[in-house]
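# Results of the structural survey
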Amino acid sequence: MKYFCHKLSDVQSEKIGEGTTIWQFVVVLKNAIIGENCNINCHVFIENEVTIGNNVTVKSGVQIWDGITLEDNVFIGPNVTFTNDLIPRSKQYPGSFKKTIIKKGASIGANTTIIGGNDIESYAMIGAGSVVTKNVGKNELWVGNPAKHTGYVTREGSVLDLNLVDKKSDKKYMWYNNELAETND
């Protein structure tokens, strides 16, 4: 086995990358795909139509349902909730489930709920306890219920206001080649 799996987990998938760690009480269904160097904490459920990229961290208490994709370097905080059926009914199944993509480098805070069909773009950050009801743009910071766009976050984790000014250092940023870059001002 090229990855670590705690003996108290039920891992049915054979598509798990090298260096990944799967802790106790995790269930991974047979068609799920998990990349390299991931950390899947205890009490996580991963359904069949799920793709998880490389270097992803999924904290405890998360269920990742059919139609969810987590790209490389994504962080999913404890007890994050994903939905994939906007009108759920017992014993009634939709023809297809809503798809949600959490793109490269995005971070989702603890106890966030992401309503199915909404994508989170690269390096975005969602504050703990938020309810995401809309698509979130690249490097955007969203917080609240419902979540609202309140600023930006650099790849390095600096929090910027809506005017692209670092809240701690007062450094100014701008968009350059579709990336946040510090200005010389």
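As a starting point, this report considers the structure included with it.

If you look at the biggest cluster of nonpolar residues, it comprises 34 residues, and the most contacted ones within it are I46, I64, L70, F82 and I120. Contact partners of F82, with chain neighbours within four places excluded, come to V62, Q63, I64, W65, I68, L70, I76, I102 and I114. Counting five residues, the second largest nonpolar core, distinct from the first, contains L160, L164, Y173 and L180.

Let's shift gears to the pairing of strand β23 (residues 179-182). One ladder, built from four bridges, connects strand β22 (residues 173-176) with β23; its direction is antiparallel. Looking across to β23, one finds that W175 is bridged to L180.

Quick look at the sheet that holds strand β5 (residues 33-34) now. The four strands are arranged β5-β8-β11-β14 in an open sheet whose pairing can be described as parallel. If you trace the sheet from one side to the other, it starts and ends with β5 and β14 (100-102), each paired once. Summarising the sheet, β5 and strand β8 (residues 51-52) pair through two bridges and their orientation is parallel. Bridge pairing links I33 to T51 in β8.

Before going further, it helps to spend a moment on the sheet that holds strand β9 (residues 57-58). With mixed pairing, the 10 strands of this open sheet are ordered in space as β1-β3-β6-β9-β12-β15-β17-β19-β20-β21. For this open sheet the edge positions go to β1 (4-5) and β21 (159-160), each flanked by a neighbour on one side alone.

Of note, the amide linkage connecting N145 to P146 takes the cis form, showing an omega dihedral of -5°. Phi at N111 takes a positive value of approximately 65°, unusual for a residue other than glycine. Inspection of the secondary structure puts N111 in the loop between β15 (107-108) and β16 (113-114). One non-glycine residue, Y123, lies in positive phi territory at about 60°. Tracing the sequence through the fold places Y123 in the loop between β16 and β17 (125-126).

Here we come to the pattern of salt bridges. Should the charged atoms of two oppositely charged side chains come close, the side chains can pair. One pass over the structure, following the stated rule, counts three salt bridges. Between E179 and K138 there is a salt bridge, and its shortest N-O distance comes to 2.9 Å. Remark: K138 occurs in the loop between β18 (131-132) and β19 (140-143) and E179 occurs in strand β23; sequence separation between them is 41 residues. Overall, E179 belongs to the partly exposed group, its relative accessible area being 26%. Across the pair R155 and E179 runs a salt bridge whose closest N-O atoms are separated by 3.3 Å. With R155 in the loop between β20 (148-153) and β21 and E179 in strand β23, this pair connects stretches of sequence that are 24 residues apart. Using a relative accessible area of 48% as the deciding quantity, one classes R155 as partly exposed. A cluster of three or more residues bridged by salt bridges with shared partners is formed by K138, R155 and E179.

What counts and what doesn't
Residues numbered from 1 in each chain as written. Predicted model: local features only at pLDDT ≥ 70, side-chain atom pairs only at ≥ 80, totals over all residues. Heavy atoms only, no water. Core = buried A, V, L, I, M, F, W, Y, C linked by side-chain atoms within 4.5 Å. Buried < 20%, exposed > 50% of the residue type's maximum accessible area, 1.4 Å probe, protein only. Contact = heavy atoms within 4.5 Å. Pairing = 2+ DSSP bridges. Helix = DSSP H or I, 4+ residues; strand = E, 2+ residues; numbered from the N terminus. Salt bridge = Lys/Arg side-chain N within 4 Å of Asp/Glu carboxyl O.

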